[in-house]
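Geometric and topological summary
Here is what each chain is made of, one letter per residue.
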Amino acid sequence: MKVQNLTQNHINNHLQKIQKDIDKIANPKTEELVNQFVNDVLQNDIDTNLQEINNYNDAIGFTQIANSALNSIRDNLHNIKTLQVASNNAALSNDNLNAINSQIQKYAENINKTLENTTYNNKNVFGNFQFNDININTSMPDFNIDNMDNFEKSLNEAFSNIGAAQNTLTNKVDTLSQNIVAKSAAKSQNEPDMAKKIIDMQNEKIKLNSSLLAHAHQTSLNIEYITSLLRD
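Residues numbered from 1 in each chain as written. Predicted model: local features only at pLDDT ≥ 70, side-chain atom pairs only at ≥ 80, totals over all residues. Heavy atoms only, no water.

Okay, the overall build of the protein chain next. What the protein chain contains, in helices and strands, is four helices and four strands. Listing the helices and strands of the protein chain from first to last along the sequence gives α-α-α-β-β-β-β-α. Taking all 232 residues of the protein chain together, 29% fall into the buried category. Looking at the protein chain as shown, the accessible area adds up to about 15,200 Å², and 50% of this sits on carbon and sulfur atoms. (Helix = DSSP H or I, 4+ residues; strand = E, 2+ residues; numbered from the N terminus. Buried < 20%, exposed > 50% of the residue type's maximum accessible area, 1.4 Å probe, protein only. Areas by Shrake-Rupley, 256 points an atom, 1.4 Å probe, with all protein chains shown as cover.)

Looking now at the pattern of salt bridges. What the rule picks out here adds up to three salt bridges. Between Asp-45 and Lys-183 there is a salt bridge whose closest N-O contact spans 4.0 Å. One end of the pair, Asp-45, is in helix H2 (residues 28–86); the other, Lys-183, is in helix H4 (residues 148–231), with 138 residues separating them in the sequence. Residue classification places Asp-45 among the partly exposed residues on the basis of a relative accessible area of 26%. Across the pair Asp-133 and Lys-172 runs a salt bridge whose closest N-O atoms are separated by 2.8 Å. Of the two residues, Asp-133 is situated in the loop between strand S3 (128–131) and strand S4 (134–137) and Lys-172 in helix H4; the sequence distance between them amounts to 39 residues. (Salt bridge = Lys/Arg side-chain N within 4 Å of Asp/Glu carboxyl O.)

We now examine helix H3 (residues 94–117). Along its 24 residues, H3 runs 34 Å from first to last C-alpha, staying within 8% of the 34 Å computed at 1.5 Å per residue. Turning to H3, its buried residues are Ile-100, Ile-104, Tyr-107, Ala-108, Ile-111, Thr-114 and Leu-115. (Expected span 1.5 Å × (residues − 1).)

Moving on to the pairing of S3. A regular strand carries its side chains on alternate faces of the sheet. In S3, alternate side chains face the same way, and those of Phe-129 and Phe-131 are buried while those of Asn-128 and Gln-130 on the opposite face are not. Bridge analysis of S3 against S4 gives four bridges, and the strand direction is antiparallel. Bridge pairing in S4 links Phe-131 to Ile-134. Connecting S3 to the next strand, S4, in antiparallel fashion are two residues, including Asn-132 with a positive phi near 55°. (Pairing = 2+ DSSP bridges.)

The phi torsion at Asn-121 lies on the positive side, around 55°, for a residue other than glycine. Judged by its relative accessible area of 55%, Asn-121 falls in the exposed class. One non-glycine residue, Asn-122, lies in the positive phi region at around 65°. Relative to the elements of secondary structure, Asn-122 occurs in the loop between strand S1 (119–120) and strand S2 (123–124).

What follows deals with the packing of aromatic side chains. For the coordinates displayed, the defined rule picks out four aromatic pairs. Taken together, the ring pairs connect Phe-62, Tyr-120, Phe-129 and Phe-131 into an aromatic cluster. (Phe/Tyr/Trp six-rings, centres within 6.5 Å; stacked < 30°, edge-to-face > 60°.)

In structure tokens form, the structure reads like this:
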């Protein structure tokens, strides 16, 4: 009889422990805390992605302003080169040449004014910049008619850097936007998923209780049988 009590007590204690653990997990307050924790993690990721998108959008705005300035410089440079070719005409008078040179000087001034005065968020757009993990180099020298070849080389390099940066920035924003959509969907599905898990857990609890009760019953029968043999 003493053996039976010890065995039965052990089984009962085991059942009670399992019951407490499952009740603790399945408790609505616990579920709410778990849901809130998961939602907070997802929302933090979403907020971080949104901030990164804002940073990249700032960079995109910067590249658009810089690209517009480069186009203006290229147009002025093209006009200068056209006028220089025109000035090689031997039939032109001195007045004609003076007029052409005056126009060339105006285009040169336009280029340097663009380099000096084009800004984004009160910062000149020509230089070396870092936006998060993306480097954008738009460095340009002052324009000098006597050094047009080197200037044009710098212009082309700046165009190339801007184009590459715009492609990278666009891809970054697209990827972050997709992440936000996915995490928002996961957040909206969080509560139904947790509810399903709790239901599944409760079903497992029923199966476990049934199994343990059957085991306890069989153990009790075995003990009774052993006890009867001992009595004999």
